[in-house]
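Architecture and fold: a report
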Amino acid sequence: MYSLLCRHADIGILPSKKVYSEEEPLIHNQSAVDRRPSWLGKFFERSITARRVLLFMAILGMCMLIGDGILTPAISVLSAIDGLRGPFPSVSKPAVEALSAAILIGLFLLQKFGTSKVSFLFSPIMAAWTFTTPIIGVYSIVRYYPGIFKAISPHYIVHFFLRNKKEGWRMLGGTVLCITGAEAMFADLGHFSKKGIQIAFLFSIYPSLVLTYAGQTAYLINNVNDFSDGFYKFVPRPVYWPMFVIATLAAIVASQSLISATFSVIKQSVVLDCFPRVKVVHTSQHKEGEVYSPETNYILMVLCVGVVLGFGAGNSIGNAFGVVVIMVMLITTIMLTLVMIIIWRTPPALVALYFIPFFIMEGAYVSAVFTKIPEGGWLPFAVSMILALIMFGWYYGRQRKTEYEMANKVTVERLAELLARPEVQRVPGLCFFYSNIQDGLTPVLAHYIKNMSSLHAATVFVTLRFLLVAKVDERERILVRRLGPSGVYACTVQYGYADSLRGDDLAAQVTSRLRRHVEADEAARLEAAWRAGVVHVRGKTRFYVGEDAGWFDKVMLGFYEFLHGICRSALPALGTPLQQRVEIGMLYKV
């Protein structure tokens, strides 16, 4: 939603790498919307403080969602496996935690194979879960308390808060887990149609939740001491083991969903230049959303197992989970309201009908779960603050680097001046010079020409453009144009997540495309340069922080350089031969 807002109004702070969707033009870099921004969009454009708050809110929401990806597998699997202690009271808590940790480790080790190979099992498992639990709920309602649906009446809700006052408000924190999980299906719009999700929610998920929780409540009214493990206690003995199997499988599917969501949100953040670059592998040739990140996967595995072993003995993990989920829901509500006003231009009355009720409800829940912070709720905040520090350090470094590159970029006119100097020679060969600046050329080029006093006879400045499609059509894959000086060309290579980029093949394709767009004598010179040898040049830039720099720059840019040193390269693995690779180092002075 943050990237969507940035595309429709000039409210972004960092000029992020542009990512093109399948519907957008592949050849022309056109804006998605050419209309004037709304009043709220103009406010964000004028106020740098408001834009920073918006960015911080988006970062916080993403960090909390990653925290959700840590806690959901832990609490789901641990709660399901805890059902072993019903028939077998001798099974200890540590044994349940160890078995849960083993299941989670196995689940994370299977991530590299992709979800498509096992996703055909997801629908039957979730269908079994959503259709069996309400049946047990109906049985429990009939047996224990047929009048349980009186609880839906607003009269009892108001009476509850009038009677319990502050204690009733605090009890809201204990009910958060009853509403979590259902909201996750709305995040699947990237995989399913809106109509399909609406039908599934109205005719399956919602009635299943109401009947299941009503059945549990009916049981607990007559068995008030079983509140700590009320689910397995209200399952009738004849169907206990089938429900245990279904619950365990459903917990694994729920865990898989949040793990996949974490991979997806990390990938989006990397593409938007808000997170250090990590390896992202597309595990499906047909579905753009199925991704896998090895580094993210193993860090999540360690954190999930740590949560199970460290918090599994009490209610702390549930308290932590409630804080994360309700914060994500509140931030989502605020961001969606901004989308309604800035992009959809929804009438104010309809915006108020959505925003006011949801903000009041979720705000009440947020204030209630904050009381759980000392009881385990501090965990997601700690994880979120660490992630936010990493993201802010990376963002700050990228912002300063972008500012330097924009201020010192090489224009076509400046390039002509550099090449016109008498000491600059044109040497034989074909050079592919990689640059990520759309409007102009990287400052590394001027640094290279000044120090080497040379440029290859044929030089192609290559910009790689990633598109959210599997494969790019051959006719639109490589776009070339001539720049001002002789033998200097610009090339844009468009590729999808299933396209392979190999340096030698890329050089042959670009050369072939160029020959078709130039005159015969120029094509002959290009062919001669290609036969003389091919070299791939990329810049390797670092910050030079002088003594006159402030302490904040020294700390933050030093942290950025550390992150930059351990993260992946900005360019995809081109597979160019080692003898053809050249890296040009340059210091950006702060």
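Residues numbered from 1 in each chain as written. Predicted model: local features only at pLDDT ≥ 70, side-chain atom pairs only at ≥ 80, totals over all residues. Heavy atoms only, no water.

**Re the overall build of the chain**
Under the convention used in this document: Strands here are runs of E lasting at least two residues and helices are runs of H or I lasting at least four, both read from the DSSP assignment and numbered beginning at the N terminus. Classification of residues uses two cut-offs on accessible area relative to the type maximum, computed with a 1.4 Å probe and protein chains only: under 20% is buried, over 50% is exposed, and between them is partly exposed. Contact definition: two residues touch when any of their heavy atoms are within 4.5 Å.
For the chain, the helix and strand inventory stands at 20 helices and 8 strands. The buried share of the chain, taken over its 590 residues, is 47%. Residue pairs at least 24 apart in sequence account for 78% of intrachain contacts in the chain once pairs closer than 6 positions are excluded.

**A closer look at the environment of Tyr396**
Inspection of the secondary structure puts Tyr396 in helix α14 (residues 378–407). If we ignore the near neighbours within four places in the chain, the residues touching Tyr396 are Phe552, Asp553, Met556 and Leu557.

**Quick notes on the sheet that holds strand β5 (residues 478–482)**
Rule in force here: By definition, two strands form a pair when at least two bridges between them are found by DSSP. Fitted lines through C-alpha atoms give the axes, limited to the stretch in contact for helices. The angle between two N-to-C directions lies from 0 to 180 degrees.
Read across the sheet, 6 strands follow the order β5-β6-β4-β3-β7-β8 without closing on themselves; strand pairing throughout is mixed. Both outer strands of the open sheet, β5 and β8 (581–589), are each paired with one neighbouring strand and no more. Averaged over all neighbouring strand pairs, the angle between strand axes comes to 30 degrees, with direction disregarded. Sheet topology places strand β4 (residues 454–466) next to strand β6 (residues 488–495); 8 bridges connect them, and they run parallel. The residue of β6 that forms the bridge with Thr463 is Thr492. Of the strands in this sheet, β3 (425–434), β4, β7 (534–544) and β8 are in contact with helix α16 (residues 443–452), which crosses β8 at around 105 degrees.

**Side note on the pairing of β4**
The side chains of a regular strand alternate, residue by residue, between the two faces of the sheet. β4 sits mainly inside the fold: 12 of its 13 residues count as buried. Bridge count between β3 and β4: 8 bridges; the pairing is parallel. Within the sheet, the bridge partner assigned to Leu430 lies in β4 and is Ala458.

**Considering the packing of helix α12 (residues 316–342) against helix α13 (residues 348–369)**
Definition in use: When an angle is under 35 degrees it counts as roughly parallel; over 145 it counts as roughly antiparallel; between 65 and 115 it counts as roughly perpendicular; any other value is oblique. Handedness of a helix crossing follows the sense of rotation of the near helix relative to the far helix, less than a right angle counterclockwise being left-handed and clockwise being right-handed.
Between α12 and α13, the shortest axis-to-axis distance is 9 Å and the interhelical angle comes to 160 degrees. In terms of orientation, α12 and α13 fall into the roughly antiparallel class. Every pair of crossing elements has a handedness; the one defined by α12 and α13 is left-handed. Side by side, α12 and α13 meet where Gly322, Val323, Ile326, Met327, Met329, Leu330, Thr333, Ile334, Leu336, Thr337, Met340 and Ile341 of the first sit next to Leu350, Val351, Tyr354, Phe355, Phe358, Phe359, Glu362, Gly363, Tyr365, Val366 and Val369 of the second.

**Notes on α16**
Residues of α16 that are buried include every one of Pro443, Val444, Leu445, Ala446, Tyr448 and Ile449, and no others. Following α16 by one or two positions, Ser453 has its phi on the positive side, about 55 degrees.

**Considering the UniProt feature "transmembrane region" (unreviewed entry) in the chain**
For clarity, the cut-off: UniProt positions are given in the numbering used here, feature names are shortened, and annotations may be inferred rather than shown by experiment.
The positions UniProt marks with the feature "transmembrane region" (unreviewed entry) are residues 53–75, 120–142, 199–219, 239–259, 296–314, 320–344, 351–371 and 377–396. Across residues 320–344, helical content stands at 92% and strand content at 0%; the span's end C-alpha atoms are separated by 35 Å. The distance from the first to the last C-alpha atom of residues 377–396 is 29 Å, and the span holds 95% helix and 0% strand.

**Points about the confidence of the model for the chain**
For the record, the criterion: Confidence of the predictor in every single residue is expressed as pLDDT, which spans 0 to 100.
Residue-level pLDDT values for the chain average 83, and 89% of them are 70 or greater. Below a pLDDT of 50 lies the segment residues 16–34, which in the model reaches 37 contacts outside its immediate sequence neighbourhood of four places, other chains included.

**Quick look at the pairing of β5**
Bridging between β5 and β6 involves 5 bridges; their strand directions are antiparallel. By the bridge assignment, Ile478 is partnered in β6 with Val493.

**What about the layout of surface pockets?**
Rolled over the atoms, a probe with the dimensions of a water molecule shows which regions are left empty. Put simply, the rule reads: The distinction between a cavity and a pocket rests on a 1 Å grid over the protein atoms alone: a 1.4 Å probe fits inside a cavity but cannot get out, while a pocket stays open yet meets protein on both sides within 12 Å along at least five of seven lines, and a residue with an atom within 4 Å of a point counts as lining. Grid points are joined across faces, edges and corners, and a volume is the space filled by probe spheres set on the points. Residues are grouped as follows: nonpolar covers Ala, Val, Leu, Ile, Met, Phe, Trp, Tyr, Cys and Pro; charged covers Asp, Glu, Lys and Arg; every other residue, Gly included, is treated as polar. Where each domain begins and ends follows an automated or database-derived domain assignment.
In this structure, the second largest pocket encloses a volume near 530 Å³. For the second largest pocket, the lining is made up of 23 residues, of which Phe275, Val278, Ile299, Leu387 and Ile390 are closest to its centre. Only α3 (48–81), α10 (240–271), α11 (294–311), α14 and α20 (551–566) provide two or more residues apiece to the lining of the second largest pocket. Ranked by residue count, the leading element in the lining of the second largest pocket is α14, at 6 residues. Considering only residue class, the lining of the second largest pocket consists of 18 nonpolar, 2 polar and 3 charged. Both domains that meet at the lining of the second largest pocket, namely domain 1 (1–23 + 35–375) and domain 2 (404–589), each give it at least three residues.

**Looking at the nonpolar core**
To keep things clear, this is the line we draw: In this text, buried Ala, Val, Leu, Ile, Met, Phe, Trp, Tyr and Cys residues form a nonpolar core when linked through side-chain atoms within 4.5 Å.
Of all hydrophobic cores here, the largest spans 91 residues; its most connected members are Leu5, Phe44, Leu54, Leu71, Ile266 and Met335. Residue contributions to this core peak at 19 residues, all from α3. The residues touching Leu71, leaving out its near neighbours within four places in the chain, are Val307, Ile317, Ala320, Phe321, Val324, Leu379 and Pro380. Grouped together as the second largest cluster of nonpolar side chains are 31 residues, Leu418, Leu445, Ala446 and Tyr588 included.

**A word on the packing of α3 against α11**
Geometry of a packed helix pair, given as the angle between the helix axes and the separation of the axes. Where α3 meets α11, the axes come as close as 9 Å, and the angle between the chain directions of the two elements is 50 degrees. The pairing of α3 with α11 is recorded here as oblique in orientation. Note on packing geometry: the crossing formed by α3 with α11 is right-handed. The residues of α11 that touch α3, namely those facing Ile66, Gly69, Ile70, Leu71, Pro73, Ala74 and Leu78, are Leu300, Leu303, Cys304, Val307 and Val308. Residues of the contact of α3 with α11, tallied by class, amount to 11 nonpolar, 1 polar and no charged.

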